Amino acid sequence: MLPKLPDDIRTPAYVLDVAALKRNLETAARIKREAGVKILLATKAWAMPAAFPLLDDTLDGTTASGEYEARLGREEFGREVHVYAPAYGPGEIERLVDIADHIYANSPDEMARVLQAVRNAGRTNIQVGARINPGYSNATLGGALYDPCAPNSRFGTTAEEIDRLPWDDIDIFHAHALCESLADGSVGLIEHVARTFEPYLRRVKAVNFGGGHFINKPGYDIDKLISALKAFRVEFGIEVYLEPGAGLVVDAGYLVSSVIGIHRNVGEIAILDASASTHMPDVLEVPYTPTIIGADKPGVHPFTYILGGKTCMTGDVIGEYSFDAPLKPGDRLVFTDMMQYSFVKNTTFNGTPLPDLAILHEDGRYEVVRTFGYDEFRRRLG
């Protein structure tokens, strides 16, 4: 259904749908309540500080992929701040001990650095975690590109190296292996970790099953996940974390764009003020073709167009779609499911303007929370 947006909305714009986000958060709240686990927001997938107050009653904190995301979580969300990176730069761990509550190490050598920094800072309240490569692959999107356990992955200590870790000093066992996974993947990971790593789980205070749990995707069996989490907690008696990012904002917002030109070369081409290259990078990286409200696959409706961005990159093509009526400059197109991995990955390539960030409130009020202009493009060029 087309969201009720103002006729004069400036495009392009990312629009968070508050009602949809709240429905997603109800799923997270149910998992927490019935399974007795903690849930964190993975800010690598979605981070809109203006909307963080909406999450406050449900989520337990944030998880970061480095110093800046950790600082964002601390300053804008609060509560628990978890951070993991495959390696930390010079001085980064020493700064993180003043920001994060939970710091994860990727390898035995990195663990030594983390433990030393925590000791030097005298931070007895920081929990230290080890990211383990569990050897469990269930990435349903993008194959090896999105599989943390693919051969030659740089993520997590392998089974061959696991006994080099100082388990007496480790608080959290971290195993992230999923990407856009339904319940079979989530449950499979939980059961695999319980079966394969029992001796190590008996020595820690908590386990973090990472992200990739697509808990709000249609078809995800929440009951199955809850049952597996409850069984795991009964077996090991330790705290459990999940850290979905995309799973919390599935279908919770849009990218609203306008047609700015029509070009003809064999077929009909509509040029938009939104770009796959700069505004929807996963369209090219995964790749996938996003859904547009009121459009369908080519040939389904009478008028078929290739949709492309306004950059000079030949491959800046969003996809091919059909419409009930011919497109013309000024027509507005609404792409769905555009909160996850969208504006967190934007670029200003070619000087392409960044879209507005906006919120569609439950009462229909449209609020622009951030706009971007030339200064944002210029500032990044030195």
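Residues numbered from 1 in each chain as written. Predicted model: local features only at pLDDT ≥ 70, side-chain atom pairs only at ≥ 80, totals over all residues. Heavy atoms only, no water.

A. Quick look at the pairing of strand β5 (residues 102-105). The two faces of β5 match: H102 and Y104 on one face and I103 and A105 on the other face are all buried. The sheet contact formed by strand β4 (residues 80-84) and β5 spans three bridges and is parallel. The residue of β5 that forms the bridge with V83 is I103. Judged from the four bridges that link them, β5 and strand β6 (residues 127-131) form a sheet pairing that is parallel. Considered in β6, the bridge of Y104 is made with G129. (Buried < 20%, exposed > 50% of the residue type's maximum accessible area, 1.4 Å probe, protein only. Helix = DSSP H or I, 4+ residues; strand = E, 2+ residues; numbered from the N terminus. Pairing = 2+ DSSP bridges.)

B. Local environment of the sheet that holds strand β11 (residues 239-242). A barrel is described by the order of its strands in space; here eight strands give the closed sequence β2-β3-β4-β5-β6-β8-β10-β11, paired in parallel fashion. Each strand of the sheet is rotated relative to its neighbour by a mean of 25°, with strand direction disregarded. Examined bridge by bridge, strand β2 (residues 38-42) and β11 share two bridges and lie parallel to one another. Counted as the bridge partner of K38 is Y241 from β11. (Axes fitted to C-alpha atoms, helices over the stretch in contact; angles between N-to-C directions.)

C. Broad picture of helix α2 (residues 67-77). For α2, the set of buried residues is E67, A70, G73 and F77. In a view along the axis of α2, the buried residues occupy a sector of 150°, so they form one face of it. What points out from α2, more than 90 degrees from its buried face, is the exposed set Y68 and E75. Buried positions along α2 lie against β3 (61-64), β4 and α3 (92-96). Backbone geometry just after α2 places G78 at a positive phi near 80°. (Arc of directions from axis to C-beta. Contact = heavy atoms within 4.5 Å.)

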